[in-house]
Amino acid sequence: MNTRKLPSMLLGLLLTPAVLPAATYCVGTRAELESALAQSSGDGVDDLILLKAGAYALTTTLRANLLAGENLGLSGGWQNAFGPCALQGLDASASVLDGQGQRPVLSIEGSGGTNDIVVSNLTIANGLRTAGDNSVRAGGLTVYAQPNHTGSILVERVRFLGNSAAMPGAALAIVSRNDFVVRNNLFFGNSAPAATGMLLEAAGNGHVVNNTLRGNTATSPATSSVSIAFVYAPASQYLLSNNLMWANVVPGQDDLFATSQT
């Protein structure tokens, strides 16, 4: 695992603002990734974790718990060209985090205060949230920000494939009291009682733009959403633009659901 400074221009693209020096990890194995996430939790600086292209077969759920003021960027598709993780390809299928149908894939928790969190350019696949697991909200990616959180969340160019959950929220769950952006992502082949694509519990401003949700299956006929569900959203505003929701299996549900406060 290599720790080095990242060029300031790239840092600005991943984390805005980034006011502390960044610790940057170039990782190529599951063990290196687990170690980088553990070190990013509570180290007091901004952290960038760059995933080399490859499949990461997980034997445990990946977790990061950020203190106030710590920002985290996690992105895939990096290659060793002219140096460790010096070149990024834009193929989101190049770096795959695979829960192997046995466990949730990734959970990031932001403490009270400011945490900017970015997850981008990778695949999150085959995650599983069981009925008894209350430590996460989704089988794929959970981003949880505590009630007085003031940072922003960006999930961009991520492929969510084949994730499942015994509770609503198969692929992506965001619990936030501040702003978030979900942009240019693919949700395919995920299954849960409801909210197979996105379960968004946010009181900030939300932008859901340019996403494709196709071939996802809701397993419950309850009145909710097979694709996108917005809940717990007092004083929030959502912008939905240019999203494709098509050919999802919807037993008595709609593709989009929002609570009365939204």
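Heads up: the structure comes first, above all this text.
So, here is what we can say about the structure in this document. (Residues numbered from 1 in each chain as written. Predicted model: local features only at pLDDT ≥ 70, side-chain atom pairs only at ≥ 80, totals over all residues. Heavy atoms only, no water.)

**So, the pattern of salt bridges**
Right, on to step 1. Applying the stated criterion to the full structure yields three salt bridges.
Right, on to step 2. In this structure, the salt-bridge partner of R137 is E201, at a minimum N-O distance of 2.4 Å. Taken together, the residues R137 in the loop between β11 (128-129) and β12 (141-145) and E201 in strand β19 (residues 198-202) connect sequence positions 64 residues apart. (Salt bridge = Lys/Arg side-chain N within 4 Å of Asp/Glu carboxyl O. Helix = DSSP H or I, 4+ residues; strand = E, 2+ residues; numbered from the N terminus.)

**Brief notes about the nonpolar core**
Right, on to step 1. In this structure, L33 and I49 are the most contacted members of the largest nonpolar core, which totals 43 residues.
Right, on to step 2. The residues contacting I49, other than those within four sequence positions of it, are Y25, V27, L33, A36, L37, L72, G73, L74 and S75. (Core = buried A, V, L, I, M, F, W, Y, C linked by side-chain atoms within 4.5 Å. Buried < 20%, exposed > 50% of the residue type's maximum accessible area, 1.4 Å probe, protein only. Contact = heavy atoms within 4.5 Å.)

**So, unusual backbone geometry**
Right, on to step 1. For C85, which is not glycine, the phi dihedral falls at a positive 50 degrees.
Right, on to step 2. The residue C85 is located in the loop between β6 (72-79) and β7 (87-88) in this model.
Right, on to step 3. Notably, N242 is not glycine yet its phi reads approximately 60 degrees, a positive angle.
Right, on to step 4. Residue placement: N242 occurs in the loop between β24 (237-241) and β25 (244-246).

**Concerning the pairing of β12**
Right, on to step 1. The buried fraction of β12 is high, at four of five residues.
Right, on to step 2. Relative to β12, strand β9 (residues 106-110) is paired through five bridges, and the arrangement is parallel. Bridge pairing in β12 places L106 opposite L141. (Pairing = 2+ DSSP bridges.)

**Details of the state of the cysteines**
In protein chemistry, a disulfide is the covalent bond that joins the sulfur atoms of two cysteines.
Right, on to step 1. Scanning the entire structure with this criterion turns up one disulfide.
Right, on to step 2. For C26, the disulfide goes to C85, at an S-S distance of 2.0 Å. On the sign convention where negative means left-handed, the S-S torsion of about 75 degrees between C26 and C85 marks this disulfide as right-handed. In this pair, C26 is assigned in strand β2 (residues 22-27) and C85 in the loop between β6 and β7, connecting sequence segments 59 residues apart. C85 shares its class with C26; the two are buried. (Disulfide = S-S within 2.5 Å.)

**Regarding the side chain of E201**
Right, on to step 1. Accessibility expressed as a relative area gives 13% for E201, which makes it buried.
Right, on to step 2. A polar contact is formed between the side chain of E201 and the side chain of R137, at a distance of 2.4 Å. (Polar contact = N/O pair within 3.5 Å; in protein donor to acceptor, adjacent residues only side chain to side chain.)

**Regarding the environment of V105**
Right, on to step 1. Inspection of the secondary structure puts V105 in the loop between β8 (95-98) and β9.
Right, on to step 2. As for V105 and A125, which are separated by 20 residues in sequence, their C-alpha atoms are 7.6 Å apart.
Right, on to step 3. Dropping the residues within four chain positions of it, V105 is found in contact with L58, T61, L62, L97, G99, I124, A125, G127, G139, G140 and N163.

Interpretation in functional terms is not warranted from these geometric data alone.
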